[in-house]
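If you want the building blocks of each chain, they are given just below.
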Amino acid sequence: MRDRPHSGAPFADPTTIARPGDDERFMREALEEGRLAAHHGDVPIGAAIVRDATIVARAGNRREVDADPTAHAEVLAIREAARVLGRWRLSDCALYVTVEPCAMCAGAAVLARVALVVFGAPDEKAGVVRSVAELLDATWMNHHPRWRYYPPAREEVERLLSEFFTTQRRSSPSAD
Ligand SMILES: [Zn+2]
């Protein structure tokens, strides 16, 4: 992965957005949501929406338990934050997610006008922030959330995922 300067629109109000010093705390909350997702057989990915250094919404992946292909942690957290705040525009919010967002979730962050996306581990197969595409920085997008990768979380995020898949393989050896 390359490292490059972060681009994107300036913050609507810098005082309301999570700062790098907040990353450890909020990534921990997202990780907790990921752990809970594994309890109902879902890939352990978690997300939290932060505003004013406070979590306004949190969610884990629910694709399996809800039989919903769009029930990714980020989408569920964005929907919940919009419900709590009573508005679709989340331009004063940060999205914390354990794994680099996919195309749908990055698209949802753009549609919600999220100010900042922070992820804990890259997804080399489907991550579109910096791994397989750079959607948040695409010039044709009408909004550019800022984003940052929080490497200190990577090991724990990846351990959670590999433990989940190891357990799954053991319980259903024929599954692909
Ligand atoms: Zn997604």
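Right above here is the structure, for reference.
What counts and how
Residues numbered from 1 in each chain as written. Predicted model: local features only at pLDDT ≥ 70, side-chain atom pairs only at ≥ 80, totals over all residues. Helix = DSSP H or I, 4+ residues; strand = E, 2+ residues; numbered from the N terminus. Expected span 1.5 Å × (residues − 1). Contact = placed C-beta atoms within 7 Å. Pairing = 2+ DSSP bridges. Axes fitted to C-alpha atoms, helices over the stretch in contact; angles between N-to-C directions. Parallel < 35°, antiparallel > 145°, perpendicular 65-115°, else oblique. Nonpolar A, V, L, I, M, F, W, Y, C, P; charged D, E, K, R; others polar. Left-handed = near helix turned anticlockwise from the far one by under 90°. Core = buried A, V, L, I, M, F, W, Y, C linked by C-beta atoms within 7 Å. Buried ≥ 20, exposed ≤ 12 C-beta atoms within 10 Å, placed from the backbone.

Q: Describe helix α3 (residues 73-85), listing the residues and the values that go with them.
A: Given 3.6 residues to a turn, an α-helix orients residues that are three or four positions apart in the same direction. The end-to-end C-alpha separation of α3 is 18 Å, in line with the 18 Å expected for 13 residues at 1.5 Å each. For α3, the secondary structure elements touched by its buried residues are α1 (23-39), β1 (46-51), β2 (54-60), β3 (94-99) and α4 (103-111). Just past α3, the residue G86 takes up positive phi, approximately 75°.

Q: So, the sheet that holds β1: which residues are in play, and what are the values?
A: Strand order in the open sheet formed by five strands is β2-β1-β3-β4-β5, and the pairing between neighbours is mixed. Of all strands in the sheet, those bounded by a partner on one side alone are β2 and β5 (146-149). When strand polarity is set aside, the average angle formed by the axes of neighbouring strands in this sheet is 15°. Alignment of β3 against strand β4 (residues 116-121), held across five bridges, turns out to be parallel. Looking across to β4, one finds that V99 is bridged to A121. Sheet contacts for α1: β1, β2, β3 and β4; angle to β1, the most-contacted strand, approximately 145°.

Q: Explain the packing of α1 against helix α5 (residues 154-171) to me, and be specific about the residues and the numbers.
A: Geometrically, a packed helix pair is captured by the angle between its two axes and the distance between the axes. The contact between α1 and α5 brings their axes to 11 Å, and the two run at 0°. Comparing the axis directions of α1 and α5 gives the class roughly parallel. Between α1 and α5, the residues in contact are L31, G34, R35 and A38 and E156, V157, L160 and F164, respectively. Across the contact of α1 with α5, the residue classes break down as five nonpolar, one polar and two charged.

Q: Account for the pairing of β2, naming residues and giving values.
A: As defined by bridge partners, β1 adjoins β2 across six bridges and the pair is classed as antiparallel. Among the inter-strand pairings, I49 is bridged to a residue of β2, identified as A57. Connecting the antiparallel pair β1 and β2 is a turn made up of two residues, with D52 showing a positive phi of about 60°.

Q: Break down the environment of C93 for me, citing the residues and quoting the values.
A: With respect to the secondary-structure elements, C93 resides in the loop between α3 and β3. Through-space distance from the C-alpha of C93 to that of A53 is 9.3 Å; in sequence the pair is 40 residues apart. Residue contacts for C93: discarding those within four places in its chain leaves I49, V50, R51, V56, A81, V114 and A115.

Q: Explain the packing of α3 against α4 residue by residue, including any values.
A: Where α3 contacts α4, the two axes come as close as 8 Å, and the packing angle between them is 20°. Between α3 and α4, the angle is such that the two are roughly parallel. Crossing of α3 against α4: the hand is left-handed. In this structure, α3 uses E74, V75 and I78 to contact α4, whose residues at the interface are M104, C105, A108 and A109.

Q: Explain the nonpolar core to me, using residue names and the numbers behind them.
A: What tends to happen in soluble globular proteins is that the nonpolar side chains get buried as a cluster. Core analysis: the biggest nonpolar cluster contains 50 residues, and I49, A77, A94, L95, Y96 and V117 have the highest contact counts within it. Residues contacting A94, with those up to four places away along its chain left out, are I17, A18, V50, A115, L116 and V118.

Q: I'd like a rundown of the environment of A81, residues and numbers included.
A: With respect to the helices, strands and loops of the structure, A81 is situated in helix α3. Accessibility expressed as a C-beta count within 10 Å gives 26 for A81, which makes it buried. When the C-alpha atoms of A81 and A57 are compared, they prove to be 5.0 Å apart, with 24 residues separating the residues in sequence. Every residue in contact with A81, bar those within four places of it in the chain, is listed here: I49, V56, A57, L90 and C93.

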